[in-house]
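# Coordinate inspection notes
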Amino acid sequence: MNYYEYLNKRLETTGGYEYTKSRLEFKNTNPFAYSLFGDKSSVRIDGVSIFTNAFKEDIDKINYDNLASKNDNSEEAPKLNPLEFVLKHFLSIDKIKELADTNKDGEISAEEAKTYIENLAGQDGNADDITLEDFEAILKENNINLEELFENEIEDVETEEVQGDEPVTVENSGAPAATGYAAPATSSGNYGNSAAASAPEVKTIDNMSLEELETEKADRQSVLTEKQNALNAVHNGENEKVKAAKQNADKAKEEYENAIKEDPGAKKFAKQILKNNEKIEKNQQKLDKNAIEINNKEIEISKLETSLEGLRGGLDALTSSLGSLPVPSGKPEDKEKDERIKSKKSELEKEISTKKKEISKQEHELEKLKKDLENLNKEKTKLEKEKQSLYEEKAKLDDLVQKHCTETTKAKLEAFNKAKQNVEEVKAKELETAKSELQAAQESVKEVDTKIAEIKNRPQNFSFENLDIEDIPESVRKQLGAKISILPDGTKVLTFNYTKLDQMQEEFVAKIPEFQRIASEMGFTFVISDGSRSVAESNAARARKGNFVAKGGSSPHNYGVAIDIALYKDGKAVSGNQFKEFANRVKHETGVTWGGDWGSYGQKYETQHFELANWKSKYKNESNLIYNHIA
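First things first, this report covers the structure right here in the doc. (Residues numbered from 1 in each chain as written. Predicted model: local features only at pLDDT ≥ 70, side-chain atom pairs only at ≥ 80, totals over all residues. Heavy atoms only, no water.)

With that settled, consider the overall build of the protein chain. Counting secondary structure elements, the protein chain contains 20 helices and 13 strands. Each of the 631 residues in the protein chain was classed as buried or not, and the buried ones make up 46%. Surface accessibility of the protein chain: about 33000 Å² in total, with carbon and sulfur atoms responsible for 47%. (Helix = DSSP H or I, 4+ residues; strand = E, 2+ residues; numbered from the N terminus. Buried < 20%, exposed > 50% of the residue type's maximum accessible area, 1.4 Å probe, protein only. Areas by Shrake-Rupley, 256 points an atom, 1.4 Å probe, with all protein chains shown as cover.)

Structure (structure tokens):
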């Protein structure tokens, strides 16, 4: 874990997150809001990059009084710009604070902060900027383990009142409790950790929703473009190190050519030298242009190959789904079911046809790109042979200079050759780095592309049978009752008798058929055990069960954006890893938040609970609050 990752985890998982937003001077026009260069080198608020690094003009604007130790929980606490925010958190690390506190009075003064930050800025060899490398150098030098530090900090966070819902036991104001039908928070089937020990799930591509993966892909694609441009910059001379070496070589060349023109011993071959140098220069320009075209063409081919891989996977999934369709029975009583099977078959066949056409089109494009690349490589071979011939001629001309010219001219020749050799060495080194970084960026994009394809191309297994209430264990069915509810889109779902879906938000209800589909594909019976809940019902449950239950107005159920569910197979409750696999699929394919990812810092572990990810910002307001259910 690097410093930025540590800071982002603190922002995402601690109570200080809201405090941070209220104290941070965060504007879209902020001078520190540089482009996102990837998860490991950016500080983010609400997913937006607010800081990557700072330059001299940024450092000169630091208000060191803002960095001095003081109580920042007061309303009068100063606003911090992103750079000050990042630095203040760094200074709050115990070991760093100890180093910065030179007079050992337990506080960091503005002067001490200034001295320490000036030292920090020079850790990577450049005192005119502050980068991730500066932070990393100090952390490494002082053996500071941020992962361990983060865990210790989180353990020390004071537990706050839970703002969630009831535990796994299903209960409402008018129904008795039923246990055993959902994954219990304390069962041995709980995925390795108890609620007290489990930490929030860190966002990786394995636990992102499809929407999050698409955003992640865009971020990684932007890094790929940056690395592609960096490689091209080496070839076209815009790379700073190559540019500096080239300027030295150009100067040495000019001095050498002037010496040749004035040297009496070089009269017979001076024009040949100048012409040869000019040809070498033009040849190198062509080689550089060719290298850029090859680089860009290879990127195009790589993107198209990845796209084709996804399309072929999608075709396989559609073909598999088509094969899983049952055969219409032709019986009068199955007329409705047979029509649905035929309709789904027609839909799948159309999708398969479209997919095949797209694959064929992209295969032709790929074939053309590969032919273009083949021609570019042939041109490269030709130019490299021409380069070799020109340098052989140059070697002969250099021998003439050594035999017939003055020591001054010979010295100028030697300086020119050394400068040209340096350009080649610098260029080779920069190319090696740029190619390595480009390859890593390509692999990074391919990784997220593969994950997206995995989700999109998952085969569907269709079931056209009627829902069977008998799948719910008899003990639970007798205690709570069960019924078939019909959603606005016509989807039928099993629910307990007191489940209320009538005041659910449309955005969330539209996701429920996906829960049903995923459960069906996995061979589970899906049941909604709780839907919308009134303020009165939440407060009644809280009165019975204590502060573990959210007070009315705090629960997403009170705004119609959450459900509690149960899964069954062969008349038994599904729990443990099977339930987790279902939950992860639901998260990935619908973008909802799962209560099974909670479990620390005052939140409880609720495997049965799913809620709209952004419900607070969109729906937590008076107009959506359910005070009493519609009769």
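Still to come is the rest of the account.
Attention shifts here to the pairing of strand β7 (residues 483-486). Summarising the sheet, β7 and strand β8 (residues 492-495) pair through four bridges and their orientation is antiparallel. Counted as the bridge partner of Ile486 is Lys492 from β8. Between the antiparallel neighbours β7 and β8 lie five residues, among them Gly490 with a positive phi of about 95 degrees. (Pairing = 2+ DSSP bridges.)

If you look at the biggest cluster of nonpolar residues, it comprises 38 residues, and the most contacted ones within it are Tyr3, Phe90, Ile117 and Ile130. Taken together, the elements giving at least two residues each to this core come down to α1 (3-13), β1 (43-45), β2 (48-51), α4 (64-67), α5 (82-92), α6 (94-100), α7 (110-121) and α8 (132-141). The contacts of Ile117, once residues within four sequence positions are left out, are Ile62, Tyr64, Leu67, Leu87, Leu91 and Ile130. Membership of the second largest hydrophobic core comes to 32 residues, among which are Ile518, Ala519, Leu612 and Trp615. (Core = buried A, V, L, I, M, F, W, Y, C linked by side-chain atoms within 4.5 Å. Contact = heavy atoms within 4.5 Å.)

Here the focus is the environment of Gly552. Among the structural elements, Gly552 can be located in the loop between α18 (535-545) and β10 (562-569). On the basis of relative accessibility, which here comes to 24%, the residue Gly552 falls in the partly exposed class. C-alpha of Gly552 to C-alpha of Ile626: the two residues are 74 residues apart in sequence and 9.3 Å apart in space. Non-local contacts of Gly552, meaning those with residues more than four positions away in its chain, are made with Val535, Ser538, Asn539 and Asn558.

Another aspect to go through is the environment of Leu567. Note on placement: Leu567 falls in strand β10. Between the C-alpha atoms of Leu567 and Gln578, which are eleven residues apart in sequence, the distance is 9.7 Å.

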